[in-house]
Structures are given as C-alpha cells and as structure tokens.
Amino acid sequence: MRSLWYRSRSEAHDAEAGRSITIPIEGTAPLQQVLRRLAMALLLLALTTFLVWVDRAGYQDNSDGAVDLLDAAYYSTVTLSTTGYGDITPVSDSARLTNILVITPLRVLFLIILVGTTLEVLTERTRQQVRVHRWRSRTRDHVVVVGYGTKGRHAVETLLGQGVAKDRIVVVDAQRKAVEAAGSDGLVSVLGDASRTDTLRKAELPSAAQVIIAPQRDDTATLVTLTARQLNRRATIVAAVREDENVPLLKQSGATTVITSSSSAGRLLGVSMTSSHAASTLESLMANGSRLEMVERPVTKEEVGQSPRGCSDLVVAVVRRKQVLDYTHPEAAQLQAGDRVIAIRRSSFRG
C-alpha cells in the first residue's frame, strides 16, 4: 500500500509537471505528421478508386447500372470509411475477390491511419507525463538557467561552446515566449516563477550541480538565489545583477559568484576609450568560438614546483586554497600540488 501511495503521488506530480515542463522531441513536427498521414489516406483512396474503376464491369450501380470514375471514387470512399450505403455492389467473382483480398486490407489500413491520428492526439498528454517522469529519474548534476533573456541565452551558448550537452541544461522562465524559444533551441524548459520552490523542484534543482540566475530585476535575482540555496546547499550558484550595491545582498543570499552587468559593461567601455584593441581582446576572450579562451584548470604533475611562466598556457592567476593570487604575487612564484591556474590558451572550439 505504501508503494502504491508513493507511486500515485509521483504520477500526480508528473501529471502536474507535464503541463509546465517542455521536453524537446526528436522527429517531425505535429503538423507534418498529420499532413503525412492525410497524404497516406488519400493515396489509399486513390489506389482503391483505381482498382474499382479497372474492374468496373464487375460492379453494379443501382441507379443507372454503369460505374464510371466518379462512381468508383464514391464507392471507394464509402467502403474505406465503412459507411457502405449498398447502392454500388460488386457482382462478379473477380470484383468480390478483389474486395476480399485487396480492398478489405486497404479499408483496415485506412482506419488505422485515421484512428491512429486520433489516438495520438488523445494520448499525447500521457506520453508527455511518461517523458517527464523518465527525464526526472535520470537528471542529475545538470545546469539550471533561470531567465532566458539576453544574459541567459548567451550563458547557454557559452556552456554549449564549452562542451556541455543540451540535455544537461534546464531553462526556467516565467514568460511563455522565452520557454518556447528555449524549447525551439532543443532545451528542456520549465514555465513558472523561479522564486517559488515548486517551480525550481520541477527543474530538478535539488540535484543540480550549477545554477545560473539571470533575471531582469535584481530583487527577483535575490529571491531566486535564496530559494535555490535552500533547495541545494552544494550547487555552485552564479547570479547576475545590474547594480553593485546589490552584490553583498546576493552573496548573503547564497550566491557563489555575483556578476554586475552594468559595472562590467562600464569597465569595458572605459578600456575601449584607452585601447580599443585591448577591449576587443577582452571581449574575444569571453565570446564563444573565438581563437583564444580563458580557462581554469588544475596544475599538472609536471608543473608542480615551476613558475607560472613555465606553463604551456599563459597563466594570469593562481587559485590556492580559495584565494586568487596574481601571477606576479610572491606566493605564486612556485606552483604547488592542489593549485589551480587561470590561463589563456588556444580555443579547442570548432564552429
């Protein structure tokens, strides 16, 4: 009884979640499927009409006795649809044999096409629940992106450029257009208010490894960060805000890293005034698909004991015990086991 109870609760949750979770489906679009089945039905109708017209001498029309092309099409239509008015009947042995061996199987196939289309529409919700249940059972250590605006889309593009698979990214947004856009891009998306616990649970945030919070408003970012941190204590949470004064609030709310979009843009503008080439290089390092990229990686065994300048990559900082040291810092003069370096290297991305 307990297992049935938990199973019923899980199925109810899947049914409710299926209304707000969009999972991309590989294959043809629904309209294309309907048109394809309609074309198949018309092809069967045309084939049956041709068979009846070829053997028209074996049929009798109760109205005028003769069977022309229109009568053949009429007979094929009422026969395949199982209407069967009986005004046109096969009277010869060959016509009856054709009805048994050919037209009857075509009738069954015709009905399968029509009934199959109807059943597919009726069972779509059930299949959606099955897909949601299957997705929930296998989704672990994924990335949840809250907000699919300009910042969210570019964050997803960067993740994809770094090799993160699309099925490991879940988008949460309160706008239906944004959710539909994410679904069109091949991403699992959840429609709802990300500051609510049930919405983030639908995105399986408690089992996520990283969370990117990029809403339009800073107060929304704060609420989402608080909710996300309550649901997941171990995930890395990166949040974007517009104003510097909100950074401490986001940090206290549980954000691991806070990016200030307005300050970053302002600094890039200032660099552009003094050196447009330096600004272009910085922007290129952050752009997906550029020839150079900035990465954080662990120190290799061969690099332990060496200077940062002795690494194959261009090291700009050393991370030691959660402290970031400039490559010119005296403590970073010699790399140690367990260190991580922030370096610039040639990109492995292939567009």
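What you are looking at is a predicted structure, and each value in this text was computed from that prediction instead of being measured.

1. Examining the nonpolar core
Core analysis: the largest hydrophobic core is formed by 29 residues, its most contacted members being Ile21, Val144, Val172, Leu205, Ile213 and Leu250. Every element with two or more residues in this core is listed here: helix 5 (124–138), strand 4 (143–146), strand 5 (169–173), strand 6 (188–191), strand 7 (210–213), helix 9 (218–231), strand 8 (236–241) and helix 10 (247–253). Considering each element in turn, this core owes the most residues, 4 residues, to helix 9. Val145, Ala155, Ala182 and Ile212 belong to the second largest nonpolar core, which has 13 residues in total.

2. Quick look at the sheet that holds strand 6
Spatially, 7 strands are ordered 1-6-5-4-7-8-9 in an open sheet, and the strand pairing comes out mixed. Only two strands of the sheet have a single partner each, and these edge strands are strand 1 (21–22) and strand 9 (257–260). Both strand 4 and strand 5 contribute to a ladder of 4 bridges, which runs parallel. Following the sheet pairing, valine 144 is matched in strand 5 by valine 170. Sheet strands touched by helix 11 (residues 261–274): strand 8 and strand 9. Its angle to strand 9, the strand with the most contacts, is close to 55 degrees.

3. Here we look at the side chain of threonine 260
Residue position: threonine 260 is located in strand 9. Among the polar contacts made by the side chain of threonine 260, one reaches the side chain of aspartate 244 at a distance of 3.1 Å. Setting aside residues up to four positions removed in sequence, threonine 260 forms contacts with Val241, Arg242, Glu243, Asp244 and Val247.

4. A look at the pairing of strand 9
Burial along strand 9 is one-sided: the face carrying Val258 and Thr260 is buried and the face carrying Thr257 and Ile259 is not. Summarising the sheet, strand 8 and strand 9 pair through 4 bridges and their orientation is parallel. Opposite alanine 239, over in strand 9, you have valine 258 as the bridge partner. With respect to chirality, the unit in which strand 8 leads through helix 10 into the neighbouring parallel strand 9 is right-handed.

5. Here's the deal with unusual backbone geometry
Positioned with a positive phi, glutamate 204 is a non-glycine residue whose angle comes to about 55 degrees. Structurally, glutamate 204 can be placed in the loop between helix 8 (197–202) and strand 7. Located in the positive-phi region is lysine 322, a residue other than glycine, with phi close to 65 degrees. In this fold, lysine 322 is placed in the loop between strand 11 (314–320) and strand 12 (323–326). Lysine 322 sits in the exposed class, given a relative accessible area of 85%.

Conventions we followed
- Residues numbered from 1 in each chain as written.
- Predicted model: local features only at pLDDT ≥ 70, side-chain atom pairs only at ≥ 80, totals over all residues.
- Heavy atoms only, no water.
- Core = buried A, V, L, I, M, F, W, Y, C linked by side-chain atoms within 4.5 Å.
- Buried < 20%, exposed > 50% of the residue type's maximum accessible area, 1.4 Å probe, protein only.
- Helix = DSSP H or I, 4+ residues; strand = E, 2+ residues; numbered from the N terminus.
- Pairing = 2+ DSSP bridges.
- Contact = heavy atoms within 4.5 Å.
- Axes fitted to C-alpha atoms, helices over the stretch in contact; angles between N-to-C directions.
- Polar contact = N/O pair within 3.5 Å; in protein donor to acceptor, adjacent residues only side chain to side chain.
- Right-handed = clockwise from strand over helix to strand, strands pointing away.

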